[in-house]
Amino acid sequence: FGAYPNPSNGSTKIHFEITEKGSNSLNIYDITGRKVFETNLSDLDAGKHQINWDADGALKNGIYLYELNSNGKKTTKKMILSR
């Protein structure tokens with residue numbers, strides 16, 4: 001589970017692995033906890049995957065948290081947006 005490049009210039013590839021098909025999602029939050037991106041991954045099969053995230057031009061430089069929710073288990077990491 002990771003993001004590249006980090007710091008990001010606005011376009012980031014988030015790599016993750018899903019252990020089983022089911023209730024899976026990826027969310028991105030700003031440092032205040034406001035959700036700025038969400039995607040449902042329930043249609044993905046188990047295995048390694050990648051999401052390309054293009055930061056909205058209205059988002060400010062700073063720290064963002066990306067969270068993978070996979071069948072009830074949450075994993076969170078941070079990335080930096082710097083344009």
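Presented here is a report on the structure given in the accompanying data block. For clarity, every value in this text was computed on a predicted model and none was experimentally measured.

Helix and strand counts for the protein stand at zero helices and seven strands. In the protein, the succession of helices and strands from N to C terminus is β-β-β-β-β-β-β. For 83 residues, the compact-globule estimate of 2.2 N^0.38 gives 12 Å, and the C-alpha radius of gyration of the protein, at 12 Å, lies within 12% of that figure. Dimensions of the protein along its principal axes, counting C-alpha atoms only, are 35 × 20 × 15 Å. Going through the 83 residues of the protein one by one, you find that 35% of them count as buried. Within the protein, residue pairs in contact and separated by at least 24 positions form 57% of the contacts whose partners lie at least 6 positions apart. With the model as given, the accessible surface of the protein reaches about 5,000 Å², and the carbon-plus-sulfur share is 48%.

Let's shift gears to the sheet that holds strand 5 (residues 47–54). The three strands are arranged 1-2-5 in an open sheet whose pairing can be described as antiparallel. Each end of this open sheet is capped by a strand with a single partner; those strands are strand 1 (2–4) and strand 5. Averaged over all adjacent pairs, the angle separating strand axes in this sheet is 25°, with direction ignored. Sheet topology note: the strand 2 (residues 11–18)/strand 5 ladder contains eight bridges and is antiparallel. Looking across to strand 5, one finds that threonine 12 is bridged to tryptophan 53.

Here we take up the packing of aromatic side chains. Centre-to-centre distance and the angle between the planes together describe a pair of aromatic rings. Evaluation of the coordinates by the stated rule reveals three aromatic pairs. Ring pairs connect the aromatic residues Phe37, Trp53 and Tyr64, which therefore count as one cluster.

With that settled, the discussion passes to the sheet that holds strand 3 (residues 24–30). Here we have four strands laid out as an open sheet, ordered 4-3-6-7, and antiparallel in their pairing. Single-partner strands in this sheet number two, and they are strand 4 (35–40) and strand 7 (73–81). Pairwise comparison of adjacent strand axes, ignoring direction, gives a mean angle of 15° for this sheet. Pairing geometry for strand 6 (residues 62–70) and strand 7, over nine bridges, is antiparallel. When the bridges of strand 7 are listed, tyrosine 66 appears paired with lysine 77.

Moving on, we get to the environment of serine 25. Relative to the helices and strands, serine 25 is located in strand 3. The spacing of serine 25 and glycine 10 is 15 residues in sequence and 21 Å in space, taken between C-alpha atoms. Once residues within four sequence positions are removed from consideration, serine 25 is found in contact with Thr39, Asn40, Leu41, Glu67, Leu68 and Asn69.

Two side chains carrying opposite charge are able to pair once their charged atoms lie near each other. Summed over the entire model, instances satisfying the criterion amount to three salt bridges. A salt bridge links glutamate 38 to lysine 35, with the shortest nitrogen-to-oxygen separation between them at 3.4 Å. Classification of lysine 35 as partly exposed rests on a relative accessible area of 39%.

Rules used in this analysis
- Residues numbered from 1 in each chain as written.
- Predicted model: local features only at pLDDT ≥ 70, side-chain atom pairs only at ≥ 80, totals over all residues.
- Heavy atoms only, no water.
- Helix = DSSP H or I, 4+ residues; strand = E, 2+ residues; numbered from the N terminus.
- Rg over C-alpha atoms; globule rule 2.2 N^0.38 Å.
- Buried < 20%, exposed > 50% of the residue type's maximum accessible area, 1.4 Å probe, protein only.
- Contact = heavy atoms within 4.5 Å.
- Areas by Shrake-Rupley, 256 points an atom, 1.4 Å probe, with all protein chains shown as cover.
- Pairing = 2+ DSSP bridges.
- Axes fitted to C-alpha atoms, helices over the stretch in contact; angles between N-to-C directions.
- Phe/Tyr/Trp six-rings, centres within 6.5 Å; stacked < 30°, edge-to-face > 60°.
- Salt bridge = Lys/Arg side-chain N within 4 Å of Asp/Glu carboxyl O.

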